[in-house]
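Structural overview for review
So the chains spell out like this:
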Amino acid sequence: KTMTLDNKKQKVNDQMGNPVEIGAVAIWRVVNPTKAVINVENYKEYLSIQCDSIIRNTARKYPYDVTDGGDEKTLRGSSQEIADIMCAELQEKVKNAGIQIQEVRITHLAYAPEIASAMLQRQQAALIDARQKIVEGAVGMVEMALEKLSENEIVELDEERKAAMVSNLLVVLCGNKDAQPIVNSGSLY
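Residues numbered from 1 in each chain as written. Predicted model: local features only at pLDDT ≥ 70, side-chain atom pairs only at ≥ 80, totals over all residues. Heavy atoms only, no water.

1. Notes on the overall build of the protein
Formally: Runs of H or I in DSSP of at least four residues are treated as helices and runs of E of at least two as strands, each being numbered from the N terminus. Residue exposure (1.4 Å probe, protein chains only): buried if accessible area is under 20% of the type maximum, exposed if over 50%, otherwise partly exposed. Any two residues whose heavy atoms approach within 4.5 Å are treated as being in contact. Here the accessible surface of atoms and residues is derived via Shrake-Rupley with a 1.4 Å probe, and residues count as covered only by protein chains that are part of the display.
In terms of regular secondary structure, the protein is built from five helices and three strands. Reading the secondary structure of the protein in the N-to-C direction produces β-β-α-α-α-β-α-α. In the protein, which comprises 189 residues, the share counted as buried stands at 27%. Partitioning the contacts of the protein with sequence separation of at least 6, the portion at a separation of at least 24 is 66%. For the protein, the accessible surface area stands at approximately 12,600 Å², while carbon and sulfur atoms represent 51% of it.

Now the structure itself:
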């Protein structure tokens with residue numbers, strides 16, 4: 001029959017040396033009862049120890065999160081890939097015990113409490129940097145739009161209409177949600 005091993009969360013250092021808490025669940029079953037009884041003393045305990053070892057070793061190989069905009073595998077961003085790697089490694093470790101690993105899923109992943117607030121501040125700083133780049137790009141696009149409209153003599157805008165256009169473009173370009181079209185049926189004046 002198929003069984004579940006809930007390997008409770010444990011504290012381990014990631015690739016960058018940051019303490020993280022990680023937990024996983026393994027879905028497994030005995031496919032060779034003879035091996036399970038003869039090759040290991042207690043196959044359930046054996047599986048638990050191997051699962052614990054795999055989780056720790058895997059967590060040490062990867063950073064918790066992306067650093068410096070890299071596209072490497074991370075515990076947080078590539079959790080399904082990491083779980084698949086853990087599944088394959090765990091299967092290799094327990095095949096001599098007649099156990100088949102069907103799936104491994106990460107159930108808990110977080111920075112350890114002692115550094116969680118510092119890491120949150122770092123993530124917020126990265127978010128601010130990203131927003132600053134978005135605003136810089138949006139301002140450049142607005143400048144280009146105003147220059148093109150003026151250069152091609154498409155429309156002549158007074159200062160108030162330029163301000164309204166700049167405001168609208170910045171809202172659209174910097175907003176977190178899709179733009180909602182508004183049909184103007186009258187004049188600004």
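2. Section: the packing of aromatic side chains
Ring pairs (aromatic) are described by centroid distance and by the angle formed between their planes. Our working definition: Each Phe, Tyr or Trp ring, with Trp reduced to its six-membered ring, pairs with another whose centre is within 6.5 Å; inter-plane angles below 30 degrees give stacked pairs, above 60 give edge-to-face pairs, and intermediate values give tilted ones.
Considering all chains together, one arrives at two aromatic pairs under this definition. Judged by centre distance (6.0 Å) and plane angle (70°), the rings of Trp28 and Tyr43 are edge-to-face. With a gap of 15 residues between them, Trp28 in strand S2 (residues 19-30) and Tyr43 in helix H2 (residues 43-61) connect regions that are remote in the sequence. Ring centres of Tyr64 and Tyr111 lie 3.9 Å apart, and the angle between their planes is 40°; this geometry places the pair in the tilted category. Taken as a pair, Tyr64 in the loop between H2 and helix H3 (79-94) and Tyr111 in strand S3 (residues 99-111) lie far apart in primary sequence, 47 residues in all. Each member of the pair, Tyr64 as well as Tyr111, carries the same accessibility label: buried.

3. As for the sheet that holds S2
Across a sheet, paired strands are connected by hydrogen bonds in the backbone, their directions being either parallel or antiparallel. To keep things clear, this is the line we draw: Paired strands, in this sense, are two strands between which DSSP finds at least two bridges. Every axis corresponds to a line fitted to the C-alpha atoms, with the helix fit spanning only the stretch in contact, and the corresponding angles, defined between N-to-C directions, vary from 0 to 180 degrees.
Spatial strand order, S1-S2-S3: three strands in an open sheet with antiparallel pairing. Edge positions in the open sheet fall to strand S1 (2-13) and S3, since each of these has one partner strand only. Strand-to-strand twist in this sheet, taken as the mean axis angle between neighbours without regard to direction, amounts to 20°. Where S1 lies against S2, ten bridges are found, and the strand directions are antiparallel. Residue pairing across strands places Asn7 opposite Ala24, the latter belonging to S2. Against the sheet, H2 makes contact with S1, S2 and S3, and its axis sits at roughly 40° relative to S1, the strand it touches most. In the packing of H3 onto the sheet, the strands contacted are S2 and S3, and the crossing angle to S3 comes to about 135°.

4. Thoughts on the nonpolar core
What counts here: Side-chain atoms within 4.5 Å are what join buried Ala, Val, Leu, Ile, Met, Phe, Trp, Tyr and Cys residues into a set we call a nonpolar core.
Judged by nonpolar contacts, the single largest core of 27 residues is most densely connected at Trp28, Leu47, Leu90, Ile99, Ile101 and Val104. Here Ile99 is in contact with Trp28, Arg29, Val30, Val31, Tyr43, Leu47, Gln91 and Val94, once residues within four sequence places are set aside.

5. So, the pattern of salt bridges
Rules: Each salt bridge in this description consists of a side-chain nitrogen of Lys or Arg and a carboxyl oxygen of Asp or Glu lying within 4 Å of one another.
With the rule as written, the count across this model stands at eight salt bridges. The partner of Lys9 in a salt bridge is Glu21, with the nearest N and O atoms 3.9 Å apart. Placement of the pair is Lys9 in strand S1 and Glu21 in strand S2, with a sequence separation of twelve residues. By relative accessible area, Lys9 is classed as exposed at 52%.

6. Looking at the pairing of S2
Counted residue by residue, S2 has ten buried out of twelve residues, so it is predominantly covered. Taking the residues between adjacent antiparallel strands as the criterion, S1 and S2 are bridged by five residues, where Gly17 takes a positive phi near 90°. Of the pairings in the sheet, the one linking S2 to S3 comprises eleven bridges and is antiparallel in character. Considered in S3, the bridge of Ile22 is made with Leu109.

7. Topic: the packing of H2 against H3
Counted only if it meets this: Here roughly perpendicular refers to angles of 65 to 115 degrees, roughly parallel to angles under 35, roughly antiparallel to angles over 145, and oblique to all remaining angles. Crossing handedness is read from the near helix: turned anticlockwise from the far helix by less than a right angle, it gives a left-handed crossing, and turned clockwise, a right-handed one.
Relative orientation of the contacting elements H2 and H3 amounts to 140°, with a least axis distance of 9 Å. Considered as vectors, H2 and H3 are oriented oblique to each other. For the element pair H2 and H3, the recorded crossing hand is right-handed. Here Tyr46, Leu47, Gln50, Cys51, Ile54, Ile55, Thr58 and Lys61 of H2 come into contact with H3, specifically with Ile82, Met86, Glu89, Leu90, Lys93 and Val94.

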